[in-house]
Amino acid sequence: MTKMIHSYLAYIVLLILIIAVVNAIIGLTSKKEFKAKDLRISLFALIASHIQLIIGFIAYYTSTFYESMRTMGMGEVMKNSELRKPLVEHPLMIIIAIVLITIGFSKHKKKTTDIAKFKTITIFYGIALVLILAVIPWHSWFAN
């Protein structure tokens, strides 16, 4: 059940993150004023990604993959690419991405100009988006 929620919520989180990055790029390139709407979009992406991370942790620790790791040991998991991706690569890259989103949101609040705020969101959220896109298990997204 948790894995299903994690999978479906991933679509929403990805969409919100794309909207936040595109909004920041548009704001940066058109030199717009950073308004409350822009803050809300980036905040919503931050909150959604953190909720997804929590659900992901629950799905991770209740998965059969995790049981396999406990049985086989980490050395064997690292040798097996089918286990390494869901047990090591995906969680690690997602954690890094969400740390970047968190840092980006925190840093943008300290910026004094609108361009600097949009630039910070663009950079940090943009890198996070690329990392997330790189580790999404695409084969399972379009499998049905």
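See the structure above.
Computed from a predicted model, the values in this text were never measured in an experiment.

(A) Main features of the nonpolar core. Judged by nonpolar contacts, the single largest core of 31 residues is most densely connected at Leu17, Ala45, Ile94, Ile101, Tyr125 and Ile132. For this core, the secondary-structure elements that each account for two or more residues are helix 1 (2-29), helix 2 (36-61), helix 5 (81-110) and helix 6 (114-135). Sort the elements by how many residues they give to this core and helix 6 lands first, with nine residues. If you look at the next biggest cluster of nonpolar residues, it comprises seven residues, including Met69, Leu83, Leu87 and Val88.

(B) Representation of the environment of isoleucine 127 within the structure. Looking at the element boundaries, isoleucine 127 is found in helix 6. Distance from isoleucine 127 to isoleucine 101, taken between C-alpha atoms, is 8.7 Å for residues 26 residues apart in sequence. Not counting chain neighbours up to four residues away, the residues in contact with isoleucine 127 comprise Leu100 and Thr122.

(C) Representation of a nonpolar patch on the surface within the structure. Together, Met1, Met4, Ile5, Tyr8, Tyr11 and Ile12 line one region of the surface with nonpolar side chains, adding up to about 650 Å² of accessible area. Checked against the element boundaries, isoleucine 5 lands in helix 1.

(D) Seen up close, the environment of serine 81. Secondary-structure assignment places serine 81 in helix 5. Separated by 51 residues in sequence, serine 81 and isoleucine 132 place their C-alpha atoms 18 Å apart.

(E) Up close: the side chain of histidine 108. Summarising the element assignment, histidine 108 is placed in helix 5. For histidine 108, a relative accessible area of 1% translates into the label buried. A distance of 2.6 Å separates a polar atom in the side chain of histidine 108 from the backbone oxygen of phenylalanine 105. Not counting residues within four places of it along the chain, the set of residues in contact with histidine 108 comprises Phe34, Leu39, Ser42, Lys117, Thr120 and Ile121.

(F) Quick peek at the packing of helix 1 against helix 2. Where helix 1 contacts helix 2, the axes come no closer than 9 Å and their chain directions differ by 155 degrees. Of the possible angle classes, the one that applies to helix 1 and helix 2 is roughly antiparallel. Note that helix 1 runs across helix 2; the crossing there is left-handed.

Rules and cut-offs
Residues numbered from 1 in each chain as written. Predicted model: local features only at pLDDT ≥ 70, side-chain atom pairs only at ≥ 80, totals over all residues. Heavy atoms only, no water. Core = buried A, V, L, I, M, F, W, Y, C linked by side-chain atoms within 4.5 Å. Buried < 20%, exposed > 50% of the residue type's maximum accessible area, 1.4 Å probe, protein only. Helix = DSSP H or I, 4+ residues; strand = E, 2+ residues; numbered from the N terminus. Contact = heavy atoms within 4.5 Å. Patch = residues over 30% accessible without salt bridge, like charges linked within 9 Å, V, L, I, M, F, W, Y side chains within 5 Å. Areas by Shrake-Rupley, 256 points an atom, 1.4 Å probe, with all protein chains shown as cover. Salt bridge = Lys/Arg side-chain N within 4 Å of Asp/Glu carboxyl O. Polar contact = N/O pair within 3.5 Å; in protein donor to acceptor, adjacent residues only side chain to side chain. Axes fitted to C-alpha atoms, helices over the stretch in contact; angles between N-to-C directions. Parallel < 35°, antiparallel > 145°, perpendicular 65-115°, else oblique. Left-handed = near helix turned anticlockwise from the far one by under 90°.

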